[in-house]
Amino acid sequence: TLIFIFGLRALSTAQEESFTDFRREFNPRDGVHSFTVPGFLVRLVGSIALKDEDAIDREAIRPLLRNLGSVSLIYTEDGHSIDRDDLIRLRENLLDEKYETLLTVKEDNSHIEIMSWGKKDVIKRLVLLIDEGDDETIVLNIRGHFTQDAIQEMVDSLEKRERKKL
């Protein structure tokens, strides 16, 4: 039984190995900061923030918020950045861990990439890589349990809200 428990634990953290190694490498560097917000705190703050939103938004976002886990952030400030080659290496390592690229946006000196890892129709990890060149770098790791239906419901609700504004 003990071997089974340790095996499950190893499998659950395997998809975060690249992020964890990246964090260990860059966190001690000057101008690089990182922190993790536990899931219960993310959900609590999210629930409080939802009280200020329109009813349409609350209903769309609530299912995603309910299934949100912890959020880890690595960011730079004061003109420090993480070299683009290091971000490419992180991206390649995430791809090796079976992450998929959902979206890539390149504009001028900015590069944004959203990657996901999951099983079947459930996304369990989202990683956002945001490189603003020499100005700023952000790496965001979101854990959760997001279904495609819940994400589509939120998108539909936000589109409905936009149509109401017009």
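Thresholds applied
In every chain, residue numbers begin from 1 and rise along the written sequence. Selection of residues for local features in this predicted model requires a pLDDT of at least 70, selection of side-chain atom pairs for listing and counting requires 80 or more, and totals for whole chains, interfaces and linings are taken over all residues. Side-chain figures throughout are based on the complete set of non-hydrogen atoms in the structure, without hydrogens or water. Put simply, DSSP marks the helices as runs of H or I at least four residues long and the strands as runs of E at least two long, and each gets a number from the N terminus on. Buried means the residue's accessible area, taken with a 1.4 Å probe over protein chains only, is under 20% of the maximum for its type, while exposed means over 50%, and partly exposed covers the values in between. Here a residue-residue contact requires only that any non-hydrogen atoms of the pair lie within 4.5 Å. We define a nonpolar core as any set of buried Ala, Val, Leu, Ile, Met, Phe, Trp, Tyr and Cys residues linked to one another through side-chain atoms lying within 4.5 Å. Strands are treated as partners if at least two bridges between them are detected by DSSP. Angles shown run from 0 to 180 degrees and are taken between the N-to-C directions of axes, each axis being a line fitted to C-alpha atoms and, for helices, limited to the stretch in contact. What a helix is expected to span follows from its residue count: subtract one and scale by 1.5 Å. To be clear, the arc concerns the directions from the helix axis to the C-beta atoms.

**Looking at the overall build of the protein chain**
- Within the protein chain, the regular secondary structure consists of six helices and six strands.
- Mapped from its N terminus to its C terminus, the protein chain presents α and β elements in the order α-α-β-α-α-β-α-β-β-β-β-α.
- Counting over 166 residues, the protein chain shows a buried share of 35%.
- Contacts in the protein chain between residues far apart in sequence, at least 24 positions, make up 59% of those at least 6 positions apart.

**Quick word on the nonpolar core**
- By size, the foremost hydrophobic cluster in this structure holds 15 residues, and its most contacted members are F22, I74 and V139.
- Contributing elements (two or more residues each) for this core: α2 (17-26), α5 (84-96), β4 (110-119) and β5 (122-131).
- Look past the residues within four positions of F22 in its chain and what remains in contact with it is I74, I82, D86, L87, L90 and V139.
- Of all hydrophobic cores here, the second largest spans 14 residues; its members include V42, L50, L64 and L73.

**A short note on the sheet that holds β4**
- The strand order across the open sheet formed by six strands is β1-β2-β6-β5-β4-β3, and the pairing between neighbours is antiparallel. Strand pairing shows two members of the sheet lacking a second neighbour, β1 (32-37) and β3 (100-107), which therefore form its edges. Looking at each pair of strands side by side, their axes are set apart by 10° on average, direction ignored.
- Note that β3 and β4 share seven bridges and pair antiparallel. Bridge pairing links E100 to S116 in β4.
- Here α2 sits on the sheet in contact with β1, β2 (68-76) and β6 (137-147), set at roughly 35° to β2.
- Relative to the sheet, helix α3 (residues 39-50) contacts β1 and β2, its axis offset from that of β2 by approximately 95°.

**Concerning the environment of I138**
- Note on placement: I138 falls in strand β6.
- Separated by 57 residues in sequence, I138 and S81 have C-alpha atoms that sit 8.9 Å apart.

**Side note on the pairing of β2**
- Of all nine residues making up β2, eight are buried, and the element is well covered by its neighbours.
- With six bridges connecting them, β1 and β2 associate as antiparallel partners. Across the sheet, residue F35 finds its bridge partner in β2, namely L73.

**Here's the deal with α5**
- With 13 residues, α5 extends 18 Å between its outermost C-alpha atoms, agreeing within 8% with the 18 Å of an ideal straight helix rising 1.5 Å per residue.
- The complete set of buried residues in α5 reads D86, L87, L90 and L94. The buried residues of α5 occupy one face: seen down the axis, they fall within an arc of 100°. Exposed residues pointing more than 90 degrees away from the buried face of α5 are listed as D85 and D96.
- Packing partners of the buried residues in α5 comprise α2, β4, β5 and β6.

**Observations regarding the environment of N93**
- Tracing the backbone through its elements, the reader meets N93 in helix α5.
- For N93 and F22, which are 71 residues apart along the polypeptide, the C-alpha to C-alpha distance reads 9.9 Å.

**Brief notes about unusual backbone geometry**
- For D108, which is not glycine, the phi dihedral falls at a positive 50°.
- Inspection of the secondary structure puts D108 in the loop between β3 and β4.
- Backbone geometry at K120 places phi at a positive 50°, although glycine is not the residue there.
- Looking at where K120 falls in the secondary structure, it is placed in the loop between β4 and β5.
- Residue classification places K120 among the exposed positions, given a relative accessible area of 85%.

Honestly, it's all geometry; don't read function into it.
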